[in-house]
Amino acid sequence: MNIFLVIALAMLLIIILLRRHIPIGPAILAGGLLIWALVAPQFHYLVSAFTTTLTMQRTYDLILALYFVMCLEIELRTSGALDGMIRALQRLFSSEKFTLAIMPAFLGLLPSLGGARFSAPIVEAASRNTDLTKEHKAAINFWFRHIFEFSSPIIPGMIMACSIAGVAFSDFIAHLCWLTLLAFALGWLVLIRPLDMPANSNVDVDPAERRQDIMNLVLSLSPVVINFLLVVFCDLNASTAMALVTFAMIPVLRMTSRVLNIKEVFTGACDWKMLMNVLCILYFIQILTDTNVLHTIVEDFKASPLPVPVIIAAISFIIGILTGLSQGHVAIVMPIVAALSPGDLNLAGVAMAFGVAGQMLTPTHMCFIVTLDYFKADFFKTLKPMFILEVMLLTVFSIYTWFTW
């Protein structure tokens, strides 16, 4: 059977399972098992792939990195540092426009499933004196929350992409970080700049409150910044950097008189659903590798009249739409990228940029669903500015990539 027909059938099965609310990991693994059944239905392939998945260092680096990301989010949220930072920003800056854009962006640095629910009330509060439509508020919350998909070393999709494609975190982030700046600029131009919003009224803050505001900002921003520096400039892997930052924050928060339940931090981050999803995705990748499916796809790509970057871009975009998760398009496309051209930053960048674009334009994206539900916004009216922004972003990215390849 033609390999692309097999892949199409597997993708169809995955989207059907996702529509039936099956978790992303088991849904993708089901697609992998279908591919195995149609291409190489020998049981020893399943055994070898399973054994390899459980013995790879990459598996444990990825799981530990994601675990400590959730630990850090719990530390900042339960200690009150995040709430304090929000109040501080609203007092420190005179422009509500700034708050509208920067708060969803910052909270996007601390990824959690459906995390747009954390920033939605802030967008609502910052726009309370305006006549913004529900859809405009939803678009602001959703867009700015995801601008760091291209540059944060604690975004799950980025962690998986670097691990699978065989590229260094520091190199990949340096290669794509300009897209975060571009996404912010485009979002400001389309969503924020046209707004007619009054300046914040000046509020007298006594020195003690001002010092508390500064402390809240430092406590909330420093772990993200330090982790970024450890990964990008010290070349630590994501799990080691996140572990160091997470453990260091415990005495720091205690010294600043923050209430912190250490047991809650480390037990609350034990997300068995996340663990299952990650293991299923890695097992899926190993099945494709052991059955030589990836090799077959690579050979067929090489024989295709279309340029490889065009094919990778199209597949990443489509899978991003189908899954609505960065882990989804990364798990399926990055192994192909790694097989085609190991360590190729350009090709991995194309896969990442177009995959993220796809996940931003689909109702299967959990943050989109949460945002629409909070603001009671219409899907298609909210989708319109998202589509315009993604077209602009991908156009600039494609032109830049064309001239710098």
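The following paragraphs examine the structure supplied in this document. (Residues numbered from 1 in each chain as written. Predicted model: local features only at pLDDT ≥ 70, side-chain atom pairs only at ≥ 80, totals over all residues. Heavy atoms only, no water.)

## A word on the overall build of the protein
- Looking only at helices and strands, one finds 20 helices and zero strands in the protein.
- In terms of C-alpha radius of gyration, the protein reaches 22 Å, essentially the compact-globule figure of 22 Å for 405 residues.
- Based on the C-alpha atoms only, the size of the protein along its principal axes is roughly 70 × 45 × 40 Å.
- At a minimum sequence separation of 6, the contacts of the protein that also span at least 24 residues come to 79%. (Helix = DSSP H or I, 4+ residues; strand = E, 2+ residues; numbered from the N terminus. Rg over C-alpha atoms; globule rule 2.2 N^0.38 Å. Contact = heavy atoms within 4.5 Å.)

## Some details on empty space enclosed by the protein
- On inspection of all chains with the given rule, the structure shows two cavities of 30 Å³ or more.
- The space that makes up the largest cavity amounts to roughly 50 Å³.
- W143, H146, I147, F150, A183, V356, M360, E390 and L393 are the residues that line the largest cavity.
- Counted by class, the lining of the largest cavity contains seven nonpolar, one polar and one charged residues.
- When its volume is computed, the second largest cavity comes out at roughly 40 Å³. (1 Å grid on protein atoms, 1.4 Å probe; cavity = no way out; pocket = protein on both sides within 12 Å on 5 of 7 lines; lining within 4 Å. Points joined across faces, edges and corners; volume = space filled by probe spheres on them. Nonpolar A, V, L, I, M, F, W, Y, C, P; charged D, E, K, R; others polar.)

## Quick word on the environment of M392
- For M392, the location among the structural elements is in helix α20 (residues 379-404).
- Distance from M392 to L182, taken between C-alpha atoms, is 9.6 Å for residues 210 residues apart in sequence.
- When sequence neighbours within four positions are dropped, the list of residues in contact with M392 reads L186, L189 and V190.

## Quick word on helix α4 (residues 57-78)
- With 22 residues, α4 ought to run about 32 Å at 1.5 Å a step, and its terminal C-alpha atoms sit 32 Å apart, in line with that.
- For α4, a buried count of 16 out of 22 residues is recorded, marking the element as mostly surrounded by other parts of the structure.
- Following α4 by one or two positions, G80 adopts a phi angle in the positive range, close to 85 degrees. (Expected span 1.5 Å × (residues − 1). Buried < 20%, exposed > 50% of the residue type's maximum accessible area, 1.4 Å probe, protein only.)

## Some words on a nonpolar patch on the surface
- Taken together, M1, L5, L9, L12, I16, L38 and V39 make up a surface patch of nonpolar side chains, about 600 Å² in accessible area.
- Put simply, the parts of the chain that give the nonpolar patch at least two residues each are α1 (3-19) and α2 (24-39).
- Among the elements that take part in the nonpolar patch, α1 stands out by supplying four residues, more than any other.
- In this structure, M1 sits in the segment before α1. (Patch = residues over 30% accessible without salt bridge, like charges linked within 9 Å, V, L, I, M, F, W, Y side chains within 5 Å. Areas by Shrake-Rupley, 256 points an atom, 1.4 Å probe, with all protein chains shown as cover. Salt bridge = Lys/Arg side-chain N within 4 Å of Asp/Glu carboxyl O.)

## Side note on the nonpolar core
- Within the largest apolar cluster, 134 residues are counted, with the highest numbers of intra-cluster contacts made by F172, I312, M334 and M386.
- Looking at this core element by element, the count peaks at 12 residues for α4.
- Excluding its chain neighbours within four sequence positions, the residues that come into contact with F172 are M158, A161, C162, V167, M334, L345, A348, G349 and M352.
- Judged by nonpolar contacts, the second largest core, of seven residues, contains L29, W36, C280 and I287. (Core = buried A, V, L, I, M, F, W, Y, C linked by side-chain atoms within 4.5 Å.)

## Quick look at the side chain of S326
- When you line up the elements, S326 lands in helix α17 (residues 326-340).
- Filtering out sequence-adjacent residues up to four positions away, S326 remains in contact with E149, G157 and Q359.

## Re the pattern of salt bridges
- Considering all chains together, one arrives at one salt bridge under this definition.
- Here E124 ties to K137 by a salt bridge, and the two come within 3.1 Å at their closest N and O atoms. Within this pair, whereas E124 is found in helix α7 (residues 116-126), its partner K137 is found in helix α8 (residues 134-145), the two being separated by 13 residues in sequence.

## Looking at the packing of aromatic side chains
- Overall, the coordinates contain 13 aromatic pairs when judged by the stated rule.
- Where W178 meets F397, the ring centres are 6.3 Å apart and the plane angle is 20 degrees; that geometry is what we call stacked. Within this pair, whereas W178 is found in helix α10 (residues 169-192), its partner F397 is found in helix α20, the two being separated by 219 residues in sequence.
- For W178, a relative accessible area of 21% gives the class partly exposed.
- For F397, a relative accessible area of 3% corresponds to the buried category.
- Between the aromatic rings of F368 and F379, the centroid separation amounts to 5.5 Å while the plane-to-plane angle is 45 degrees, which identifies the pairing as tilted. Within this pair, whereas F368 is found in helix α19 (residues 366-375), its partner F379 is found in helix α20, the two being separated by 11 residues in sequence. (Phe/Tyr/Trp six-rings, centres within 6.5 Å; stacked < 30°, edge-to-face > 60°.)

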